[in-house]
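Structural characterization, general
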Amino acid sequence: MIIRILGEGQFDVPDSELDALNVLDERLVTAIGSDDEDAFHAAVDALLGRVRELGSTPPADRLAPSDLVLPAADTTLTEVRGLLGDEGLIPG
């Protein structure tokens, strides 16, 4: 699956990692729900770090739509709250 981190680019992450990413997404949703800035920043850092760790950068000449779009590392809690759907940032 192709995941875009805004301001950074795309990462090709194995589909088999979706459950692990959903666990991190749940932490993010919980932090937003409790309006906890520290937990929010820790959750964003963990989620984006995992995508960077697991993903490989697609070749520059390969254009592919992103399956998921994640916020930039410096995005605020308020901004992410506006992006959230019923299932968090990562559906499923």
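The text that follows walks through the structure, step by step, so that each part is easy to find. (Residues numbered from 1 in each chain as written. Predicted model: local features only at pLDDT ≥ 70, side-chain atom pairs only at ≥ 80, totals over all residues. Heavy atoms only, no water.)

**Description of the environment of D74**
Quick reminder of the rule: For the purposes of this entry, the term helix denotes a DSSP run of H or I that reaches at least four residues, the term strand denotes a run of E that reaches at least two, and both are numbered from the N terminus. The buried label applies to any residue whose accessible area, calculated with a 1.4 Å probe on protein chains only, is under 20% of its type's maximum; exposed applies above 50%, and partly exposed to all values in between.
Mapped onto the secondary structure, D74 falls in the loop between β3 (68-70) and α3 (77-83). Using a relative accessible area of 66% as the deciding quantity, one classes D74 as exposed. When the C-alpha atoms of D74 and L6 are compared, they prove to be 9.9 Å apart, with 68 residues separating the residues in sequence.

**So, the sheet that holds β3**
As a reminder of what qualifies: In this analysis, strands are considered paired if DSSP registers two or more bridges between them. An axis is simply a line fitted to the C-alpha atoms; with a helix, the fit covers only the stretch in contact. Between two such axes, the angle follows the N-to-C directions and lies from 0 to 180 degrees. Working rule for contacts: check all heavy atoms of both residues, and any pair within 4.5 Å makes them a contact.
The three strands are arranged β2-β1-β3 in an open sheet whose pairing can be described as mixed. At either end of the open sheet lies a strand with only one pairing partner, and these are β2 (9-12) and β3. On average, each strand axis in the sheet is inclined to that of its neighbour by 25 degrees, with strand direction left out of account. In terms of strand pairing, strand β1 (residues 2-5) meets β3 through three bridges, oriented parallel. Residue I3 lies in a different strand from β3, and its bridge partner there is L68. Contacts between helix α2 (residues 37-54) and the sheet are confined to β1, β2 and β3, with β1 contributing the most and set at about 130 degrees to the helix.

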